[in-house]
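The lines below spell out each chain.
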Amino acid sequence: MSGIYLHIPFCKQACHYCDFHFSTSLKYKDELLDAMHKEIASRKDYLDDKKLDSIYFGGGTPSILSPAEINAFIDGILKYFQLSENAEITLEANPDDLTSAKLSAYRDTPVNRLSIGVQSFFNEDLLLMNRAHNANEADSCIKMAQDAGFHDISIDLIYALPSSGEERWKQNLAKVAQLDVPHVSAYCLTIEPRTALSHFVDKGKVVELSDADAEKQFHLLLEWAEQHGYRAYEISNLAKPGHEAVHNSNYWKGVPYLGIGPSAHSFNGESRQWNVRNNARYIQTLESGRGDYFEIENLSTQDRLNEYLMTGLRTIWGCELSHIRTQFGKEAEQYVLAAAHPFLRKEMLYIANDRLLLSESSRFLADGVISELMWVDPRKG
Ligand code: SF4
């Protein structure tokens, strides 16, 4: 199976923490969508397996697209690819774009899953983040989506916000339980360089939460998940049984995908490539028929092993030692086991059924642990 990701690079306003690629001007929206259609046609042979089990509209803000524009993309894709039975088709949506009428119209497209960027149910948090919606819209759009017939709904939440303490985080989670949303992606706030939030921190206008407080909120999330029947199948992703996201799971399992649109990444098992992060250049290059709108990196054995560790260890499935042995060689397995040894002794990692797994207590520290396992070739310096 394979997947297709479409990056819709427009947003109504810039969230203060965001470093994704987007433009707040819709002036060249039609030209950009045309260029994306051209890219789909020109890359129809990128994926060996033409059967798709996931199409994902991400961004940016895909919910600025009309249902007709969504249908046109799906029709464009289906000229060259087929959908598997039960294929997941996800639309990322922002609460302020969603009305009952628009949701009903989306329900008439093949989209069968919504990922809604709620982030918080509290106005103070939403203002700090400069989100375009308010707390009422966050709440009401979920009920409207359920009434429109969407059963597969995910919401994004952000914890460890400078404006928010433990109590508010618990209230956010209580709200999710009350709304009975089957999938949650909960991200720890990262203050990225060159964002407005990073500027506020530098100026002392905003004070970052300590790592210890952020970790407490993460463990509250895990406790809440267990009490309410969610499985934390990846560090930031929780689902009720049967609602795990195909798109996310495929990415962690190394399934090939084609990324369409400015800044979109693609992976075919052998190499990664990423499109230019500039709408005007993307449009010009696609319109002129030139193919130089992306960069490409061929992945070495080491790169592929490191990616397998980076993605696999973040999930409850961990990394299969037999897979490391057969795909990357006995030497790679020995290297990983030796690097894992100090963490196995401290019970931050464990091995079960021939899989290397992160213990629950060290999940918050995952990136630090995983970076110690990366296979570095001394010959590369
Ligand atoms: S809506 Fe999403 S992509 Fe757009 S600025 Fe906000 S976080 Fe970034």
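Note: the structure precedes this text.
Visitor: Would you take a moment to explain the packing of helix α13 (residues 330–345) against helix α14 (residues 366–373) for this structure?
Guide: To describe two helices that pack against each other, one gives the angle between their axes and the distance between the axes. Running from N to C, α13 and α14 point in directions that differ by 140 degrees, and their axes come no closer than 8 Å. By the angle between their axes, α13 is oblique relative to α14. Here V336, A339, A340 and F343 of α13 lie close against α14, whose contacting residues are V369, E372 and L373. Its residues assigned to classes, the contact of α13 with α14 comprises six nonpolar, no polar and one charged.

Visitor: I keep staring at the site of the ligand and nothing clicks. Help me out?
Guide: Neighbouring residues of the ligand: C11, A14, C15, C18, F20, F22, G59, G60, T61, N94 and G117. Split into classes, the residues belonging to the shell around the ligand amount to six nonpolar, five polar and no charged.

Visitor: Explain the sheet that holds strand β15 (residues 355–358) to me, please; I cannot follow it from the model alone.
Guide: Where strands meet in a sheet, backbone hydrogen bonds hold them as pairs that are either parallel or antiparallel. Strand order in the open sheet formed by three strands is β13-β15-β14, and the pairing between neighbours is antiparallel. A strand with exactly one partner marks an edge of an open sheet, and here the two such strands are β13 (319–320) and β14 (349–352). By the bridge criterion, two bridges tie β13 to β15 in an arrangement that is antiparallel. Residue E320 lies in a different strand from β15, and its bridge partner there is R355.

Visitor: Before we go on, may I ask you to explain the pairing of strand β6 (residues 183–188) in this structure?
Guide: Note on strand geometry: in a regular strand, side chains alternate between the two faces of the sheet. In terms of strand pairing, strand β5 (residues 152–159) meets β6 through six bridges, oriented parallel. The partner of D156 across the bridge, within β6, is S185. When β6 meets strand β8 (residues 237–239), the two strands line up antiparallel, connected through three bridges. By the bridge assignment for β8, S185 is matched with N237.

Visitor: Help me out: how do you make sense of the nonpolar core in this one?
Guide: Judged by nonpolar contacts, the single largest core of 75 residues is most densely connected at I4 and I155. For this core, the element with the most residues is β5, which contributes five residues. Dropping the residues within four chain positions of it, I4 is found in contact with L52, I55, I77, Y257, L258 and I260. With 15 residues, the next largest nonpolar core counts L309, I324, L358 and L373 among its residues.

Quick notes on the rules
- Residues numbered from 1 in each chain as written.
- Predicted model: local features only at pLDDT ≥ 70, side-chain atom pairs only at ≥ 80, totals over all residues.
- Axes fitted to C-alpha atoms, helices over the stretch in contact; angles between N-to-C directions.
- Helix = DSSP H or I, 4+ residues; strand = E, 2+ residues; numbered from the N terminus.
- Parallel < 35°, antiparallel > 145°, perpendicular 65-115°, else oblique.
- Contact = placed C-beta atoms within 7 Å.
- Nonpolar A, V, L, I, M, F, W, Y, C, P; charged D, E, K, R; others polar.
- Near = placed C-beta within 6 Å.
- Pairing = 2+ DSSP bridges.
- Core = buried A, V, L, I, M, F, W, Y, C linked by C-beta atoms within 7 Å.
- Buried ≥ 20, exposed ≤ 12 C-beta atoms within 10 Å, placed from the backbone.

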